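# Coordinates in review
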Amino acid sequence: MAQCVQSVQEFIQDSFVPLVAALCSEEAERLTRRNNLSFAELVKPFCRLTSEVHMRDPNNQLHIIKNLKIAVNNIITHPPQHGAIRKLLNDVVSISQPAEGLVANVITAGDYDLNISDRSVKASVPWYSNWKETLMELNTSTVYSGMLVVSSSEPEPMEQFLKLSQEQHRIQHSSEYSYPKWFIPNTLKYYVLLHDDCYEDCPYTVISNKNTDHLMSDGLDNEIKDGLSNNFKTHPLQLDHPSSSLDSADYVKATASLQESKKSNSGTPHGACLTLTDHDRIRQFIQEFTFRGLLPHIEKTIRQLNDQLISRKGLSRSLFSATRKWFSGSKVPEKSINELKNTSGLLYPPEAPELQIRKMADLCFLVQHYELAYSCYHTAKKDFLNDQAMLYAAGALEMAAVSAFLQPGAPRPYPAHYMETAIQTYRDICKNMVLAERCVLLSAEILKSQSKYSEAAALLIRLTSEDSDLRSALLLEQAAHCFINMKSPMVRKFAFHMILAGHRFSKAGQKKHALRCYCQAMQVYKGKGWSLAEDHINFTIGRQSFTLHQLDNAVSAFRHILINDSKQPPAQQGAFLREYLYVYKNVTQLSPDGPLPQLPLPYINSSATRVFFGHDRRPAEGEKQAATHVSLDQEYDSESSQQWKELEEQVVSVINKGVIPSNFQPTQFCLNRYSDNSRFPLAVVEEPITVEVSFRNPLKVPLLLTDLSLLWKFQPRDFSAKREGEAKDPGTCDDDMIGTEAIAEFLINSEETRMARLKLFPHQTGELHILGVVYNLGTVQGTVTLDGIDPSIGLQTGKFVSNGLSVRGRQDLEIQGPRLNNTKEEKTSIKYGPDRRLDPIITEEMPLLEVFFINFPTGLLCGEIRKAYVEFVNVSKCPLTALKVVSKHPDFFTFGANTAVLTPLSPSASENCSAYKTVVTDPTSVRTALLSSASSVDFGVGTGGQPEVIHVPLPDSILLPGASVQLPMWLRGPDEEGVHEINFLFYYEGIKRHSKMCHRVLRHTAVICTSRSLHIRATACRSNALEDEEGRGDNMLVFVDVENINTS
């Protein structure tokens, strides 16, 4: 951004310049309009002299004037309206905006690093500088000279000059014109003749007329501008006797018209017909006018005023010696403002000595004779205070302070108390905010140049009021810049006053400046724990950005309100959410075919995402109990997971004759943050994939998600043996390839975490990538109470009434893999491995087994043997084979022979459930024994407790699609009492071999509670009794010891 390169001295000098009123004939105006410029606009860029000017003061001492500027304006006889001034100032600020793409200055203050692109040494910015300069121009309304302009194409230019001179005299001296003000009655008139070489038949093509003592030419569009002497035959500076006064209100209208012309004619060039020679001629004309007309006139007037004052007051030869006497004598104590009466309406007659001193001071100030000007202002100030003419006194105080500051060599310090008194007088006694405003601007610039930023900020803040939002906004912004420019920057005060400035800019209709102020203040409040202030700023930034059609910025601001841990009450959060949805809806309507936007709500805990492959487990049906297998309702257990992995490795090793294949990948049905997700998981075509997503609502108002589904990308591939991994032509990835299940309504109550289970149904082999979720975000109507239910209790699922405002968007599931910590490089750096749980490979069709247990006991006695049945069902469209089961407790179960009754009439009948039979020995044996029909070998005894792979005897070793088979299973209670978890892993394969998936497994965990019962010990011995009556003496005595070993 452009910085303020003008010094304070230059700003003050340019604020008080000699004003020249131009009165042009219609033909002269038409001539200048060929360049789309008025006469005043034409000469304005050349009104600063590039060389020094010399003049003599009343003591005949040589005085040098540097960098002098004059102002030429058209005469306007009506004072500017307040509304027009307000609109002009508003436009000046509005068209001055920060330059885009400029590198910002970074200020470091304590813990803050602020990017402030419009900060400069003097805490000034272009819109403030332009507003300030325009305001100072509007306060300049006293005319010091008149310029009469006629075109050489006029039939009688001399007559036209006479008419313009009479018109100027009438405007100055007639009672019907009160505006503008003329500095003195004898106003300097300067005659200018414009000539254009294009007029061949013009009688005044040669301007070097003998009637002119002063001639010079300048071309515009080959125009020649000639300054002729005032009266053509006499001295060029001859004064008009009566008293002539020129109206400078025209400069307001001229400035306003210039602004309007800039807007309306922004596409038309200005001054396009002027050549560089023309530029030089115009510059020379202004220089000649100043050297030979204006400054000699001012010098003469100063001498006349000085002589009048000396003669009237009987003072010594010059005011220089007089002021020395005044200052050397004792000072009269000045009364305070509060002691003075309100005599601001007091008016002096034009010839009053007090006004003559003031006029002399003003002229000395204009020609940069600041020492003499200070003396005169100081004298006038005393006279005005004695007369209690407070408006005059305030003006003298103001100019005395400025003159003291501008004196070369700084002979005296800047009297800031003069300015304080002047401001208080203007504001409180005279009720003139315009003059108070000018006074504050001057004093603030002076204080800032002296690095007195604290005093400058206090002064600027004191002038803020309700009568002008634009002025208050600009002054508050400058005060904020003063705080940041201090030796020890006051960052929080800077931010606070920028917020106040932004608020006032917004009330003044300056939306862009308001947005900029809030954005700069946001740098201070962001991330410092001031959540309520941050919410307010973001909300305002969002609204202002939306008003300015900066929809992306508006969305970003509202997004920050929602994603931070807000401490706002529920009603305010609901309002923020509705604003966000409204803005987002407008953004999406601009590009309905564009990509879906990222929504900030609800929060998604991506790492908690779980993926399940396969159908949901069937519930128990009567006596049938389905295998437990794996489901999303089960908690992950790393120890159990390792046991299942070892069982699968055992059976794969047995199948492959003791060798585990190198491409072996343990089957994982459910993937979560704890599982090994480094490999691409395998899913089977036509079998569902369930993704569980964790949603959290951080707000105190419910969120309603509708049409919630997964977002995915799919690459079809052929994994058959002949065409391994060959890509297919994807065509269009629609529901013919991947079926998507949507949840119609998903309500998340305030501050609730809820899981959503979303399903995909792959219908083709290939590579699937689950990208995220897509849904409509909305709110529930009447979130404070819904059907009389307090929201704190929670809304029940069902049909909810949306308030009609919802937006379609997405959220990506981005899961970070585990941190790598194996090699030295990984340990010394932060690297993360892949997490591929959302990138399954869809393989060819495989068989799917379901297992049911009939009459499976939950409790057994230690060593008890009981019979149950197992039903195997093939629910797929492929036959399965090589069915095996492996368990770490092979002594717990065994299958019955193929000849066993597969479907007994009553599985609970004693003949079917009996595990014992009586066997009679040969006649030589002397005892009988009870033998189990199931030997210990049948229960895996003698295997050393290692997992044993048991072949399941299927008919023909194949289970056809849709077929089922029941087999008896003999169970033996463990010898130790307690609760036992016994894992069964069922292994099976398809008839057709696949490259990606060779086998499948099914898990079941049986929970058996065993308890002790009786311990029986029998002892037999020959009896010593006598023979019986029949003479047989082989009697035996059997001793049976029965011990109850049950502890309860």
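First, a word on what this report is: a plain description of the structure on this page.

Reading the values: the criteria
Residues numbered from 1 in each chain as written. Predicted model: local features only at pLDDT ≥ 70, side-chain atom pairs only at ≥ 80, totals over all residues. Heavy atoms only, no water. Helix = DSSP H or I, 4+ residues; strand = E, 2+ residues; numbered from the N terminus. Buried < 20%, exposed > 50% of the residue type's maximum accessible area, 1.4 Å probe, protein only. Contact = heavy atoms within 4.5 Å. Phe/Tyr/Trp six-rings, centres within 6.5 Å; stacked < 30°, edge-to-face > 60°. Pairing = 2+ DSSP bridges. Axes fitted to C-alpha atoms, helices over the stretch in contact; angles between N-to-C directions. Parallel < 35°, antiparallel > 145°, perpendicular 65-115°, else oblique. Left-handed = near helix turned anticlockwise from the far one by under 90°. Nonpolar A, V, L, I, M, F, W, Y, C, P; charged D, E, K, R; others polar. Salt bridge = Lys/Arg side-chain N within 4 Å of Asp/Glu carboxyl O. Patch = residues over 30% accessible without salt bridge, like charges linked within 9 Å, V, L, I, M, F, W, Y side chains within 5 Å. Areas by Shrake-Rupley, 256 points an atom, 1.4 Å probe, with all protein chains shown as cover.

## Quick look at the overall build of the chain
For the chain, the helix and strand inventory stands at 24 helices and 38 strands. Counting only residues that meet the buried cut, the chain has 50% of its 1048 residues in that class. In the chain, the proportion of contacts linking residues at least 24 apart, taken out of those at least 6 apart, comes to 76%.

## Examining the packing of aromatic side chains
A complete count under the given rule lists 28 aromatic pairs for this structure. Between the aromatic rings of Tyr-190 and Phe-289, the centroid separation amounts to 4.8 Å while the plane-to-plane angle is 70°, which identifies the pairing as edge-to-face. Taken as a pair, Tyr-190 in strand β9 (residues 188–196) and Phe-289 in helix α8 (residues 276–313) lie far apart in primary sequence, 99 residues in all. When its relative accessible area of 1% is taken as the criterion, Tyr-190 is described as buried. Each member of the aromatic cluster is reached from another via a ring pair, and the members are Phe-853, Phe-856, Phe-872, Phe-892, Phe-893, Phe-895, Phe-984 and Phe-986.

## Focus: the sheet that holds strand β29 (residues 893–895)
Taking strand neighbours across the sheet as the criterion, the five strands line up as β13-β25-β27-β34-β29 in an open arrangement whose pairing is antiparallel. One side of each edge strand has no neighbouring strand; the edge strands of this open sheet are β13 (624–626) and β29. For this sheet the average axis-to-axis angle between neighbouring strands, irrespective of direction, equals 35°. As paired strands, strand β25 (residues 849–854) and strand β27 (residues 865–874) are joined by six bridges and run antiparallel to one another. Bridge pairing in β27 links Glu-850 to Val-873.

## Regarding the packing of helix α14 (residues 433–449) against helix α15 (residues 453–462)
At a closest axis distance of 8 Å, the pairing of α14 and α15 adopts a crossing angle of 165°. As far as their axial angle goes, α15 and α14 are roughly antiparallel. With respect to the hand of their crossing, α14 and α15 are arranged in left-handed fashion. Seen from α14, the contacting residues are Val-440, Ser-443, Ala-444, Leu-447 and Lys-448; seen from α15, they are Tyr-453, Glu-455, Ala-456, Leu-459 and Leu-460. Tallied by class, the residues present in the contact of α14 with α15 amount to seven nonpolar, one polar and two charged.

## Some thoughts on the pairing of strand β4 (residues 71–74)
Burial of the side chains of β4 extends over both faces: Ala-71 and Asn-73 are buried on one face and Val-72 and Asn-74 on the other. Looking at chain direction, strand β1 (residues 19–24) and β4 are connected through four bridges and run parallel. Its bridge partner being in β4, Ala-22 is matched across the sheet by Asn-74.

## Here we look at the pattern of salt bridges
Taken as a whole, this structure holds 37 salt bridges when the rule is applied. Close ionic contact of Glu-477 with Arg-516 constitutes a salt bridge, the shortest N to O distance being 2.7 Å. Taken together, the residues Glu-477 in helix α16 (residues 469–484) and Arg-516 in helix α18 (residues 511–525) connect sequence positions 39 residues apart. For the pair Glu-477 and Arg-516, one class covers both residues: buried. The shortest N-O distance in the salt bridge between Arg-808 and Asp-707 comes to 3.5 Å. On the criterion of sequence distance, the pair formed by Arg-808 in strand β23 (residues 802–812) and Asp-707 in strand β17 (residues 703–718) is long-range, its members being 101 residues apart. For Asp-707, a relative accessible area of 35% gives the class partly exposed. Shared partners join several salt bridges into a network, and the residues in it are Glu-466, Asp-469, Arg-504 and Lys-507.

## Considering the environment of Phe-986
Following the sequence through the fold, Phe-986 ends up in strand β35 (residues 978–990). Through-space distance from the C-alpha of Phe-986 to that of Ile-950 is 9.6 Å; in sequence the pair is 36 residues apart. If we skip the residues at most four places from it in the chain, Phe-986 touches Leu-849, Val-851, Phe-853, Phe-872, Leu-883, Lys-884, Val-885, Arg-1000, Val-1001, Leu-1002 and His-1004.

## Details of a nonpolar patch on the surface
Residues Leu-1014, Ile-1016, Val-1038, Val-1040 and Val-1042 make up a contiguous nonpolar surface patch of about 480 Å² in total accessible area. Put simply, the parts of the chain that give the nonpolar patch at least two residues each are β37 (1014–1022) and β38 (1036–1044). Ranked by residue count, the leading element in the nonpolar patch is β38, at three residues. You can see Ile-1016 is positioned in strand β37.

No statement about biological role is implied by the geometric values presented.
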